[in-house]
Amino acid sequence: MNQMLPHPTDSTSTTAWRLWIDRCGGFGLVVDGAVSLGGARPSGGATVQVRSDWRRLEGRLTRRSGDYFWSSQSDDGQFSADEQLVRSGSELPVVGSATVRLHQPSPLSGSAVLALDPPHRFDCHVDQVLLVDQTVLIGPDPGNHIRCVGLDANAVLIFRDGIWKAKQKRTSNENRLGRTGRGTAAASPAFTELIPGKRISVGELDMVLEQA
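Notes on the structure in this doc start here.

### Some points on the packing of aromatic side chains
Point 1. Taken as a whole, this structure holds two aromatic pairs when the rule is applied.
Point 2. Summarising the aromatic geometry, the rings of Trp-17 and Trp-164 are spaced 6.2 Å apart at their centres and angled 80° between planes, so their arrangement reads as edge-to-face. Residue Trp-17 is found in strand E1 (residues 16-21), and its partner Trp-164 is found in strand E15 (residues 163-168); the two are separated by 147 residues along the sequence.
Point 3. On the basis of relative accessible area, Trp-17 is assigned to the buried category, the value being 2%.
Point 4. Residues Phe-159 and Trp-164 carry aromatic rings whose centres are separated by 4.7 Å and whose planes lie at 50° to one another, so their mutual orientation is tilted. Like Trp-164, Phe-159 is buried.
Point 5. An aromatic cluster is built from Trp-17, Phe-159 and Trp-164, whose rings are joined through pairwise contacts.
Point 6. Taking the ring centre of Phe-79 as reference, the NZ or CZ of Arg-60 above it sits at 4.1 Å.

### Overview of the layout of surface pockets
Point 1. Of the voids in this model, the largest pocket is the one considered here, and its volume is about 300 Å³.
Point 2. What lines the largest pocket is a set of 18 residues, among which Ala-16, Arg-18, Thr-47, Cys-124 and Ala-212 lie closest to the centre.
Point 3. Listed by contribution, the elements that provide at least two residues to the lining of the largest pocket are E1, strand E2 (25-30) and strand E4 (48-51).
Point 4. The residue inventory of the lining of the largest pocket, partitioned by class, reads ten nonpolar, six polar and two charged.

### A look at the nonpolar core
Point 1. Residues Leu-19, Leu-29, Ile-138, Ile-146, Leu-157 and Trp-164 are the most contacted members of the largest nonpolar core, which totals 25 residues.
Point 2. If sequence neighbours within four positions are ignored, Leu-29 has contacts with Thr-15, Ala-16, Trp-17, Leu-19, Leu-130, Val-132, Leu-157, Trp-164 and Leu-209.
Point 3. Val-35, Trp-54, Leu-92 and Val-126 belong to the second-largest nonpolar core, a separate cluster that totals 22 residues.

### Thoughts on the sheet that holds E2
The strands making up a sheet associate through hydrogen bonds between their backbones, and the pairing can be parallel or antiparallel.
Point 1. A sheet is described by the order of its strands in space; here seven strands give the open sequence E8-E9-E11-E2-E1-E18-E17, paired in mixed fashion. In this open sheet, the two strands that pair with only one neighbour each are strand E8 (100-103) and strand E17 (199-202). Across the sheet, the axes of successive neighbouring strands diverge by a mean angle of 25°, strand direction being ignored.
Point 2. In the sheet, E17 pairs with strand E18 (residues 205-211) via four bridges, with the strands oriented antiparallel.

Quick notes on the rules
- Residues numbered from 1 in each chain as written.
- Predicted model: local features only at pLDDT ≥ 70, side-chain atom pairs only at ≥ 80, totals over all residues.
- Heavy atoms only, no water.
- Phe/Tyr/Trp six-rings, centres within 6.5 Å; stacked < 30°, edge-to-face > 60°.
- Helix = DSSP H or I, 4+ residues; strand = E, 2+ residues; numbered from the N terminus.
- Buried < 20%, exposed > 50% of the residue type's maximum accessible area, 1.4 Å probe, protein only.
- Lys NZ or Arg CZ within 6 Å of the ring centre and 35° of its normal.
- 1 Å grid on protein atoms, 1.4 Å probe; cavity = no way out; pocket = protein on both sides within 12 Å on 5 of 7 lines; lining within 4 Å.
- Points joined across faces, edges and corners; volume = space filled by probe spheres on them.
- Nonpolar A, V, L, I, M, F, W, Y, C, P; charged D, E, K, R; others polar.
- Core = buried A, V, L, I, M, F, W, Y, C linked by side-chain atoms within 4.5 Å.
- Contact = heavy atoms within 4.5 Å.
- Pairing = 2+ DSSP bridges.
- Axes fitted to C-alpha atoms, helices over the stretch in contact; angles between N-to-C directions.

The structure is reproduced here in structure tokens:
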């Protein structure tokens, strides 16, 4: 019997993904520098869709030099020329029942996290949406983009040349003493490529990547 192989990553056509991590949740990954947001509709519309009373398209977030700027969309379909800086921890200036907040948990990466106040949800059952600037940090601490409180270790996820890769980060004790505990140099963990549709284990993380 022929077995269908996972589709390879296509950097020319795919800019949105979904990542499912066991014991952690589901996350939307968007690699565009400009991302549209709006209400969830069967025919789509916005890149990031919220199940709420929002209009089909409410506005656009644009990343420049690590900062994020919001442009509202007017009733005639044009984006406002007056951009508003959205600081980490602030909510997007959208009128409606849903509240979306932008967080930049780490100064080491320009990636940001979009989180919804309950009871609203993002479309496709993801818990949060990440606006990815090459690097995503995963771990139990608040400084990670994807926070998995049940984990003991940290991992890093990168997007380069259309390919997703992940590896487990060395602990501070390993960095200081080496794996043997006698001061010998510890080899850095290797990156593992995430192939869409294929279950991947990175340290104690079990995950599946999907094209959105």
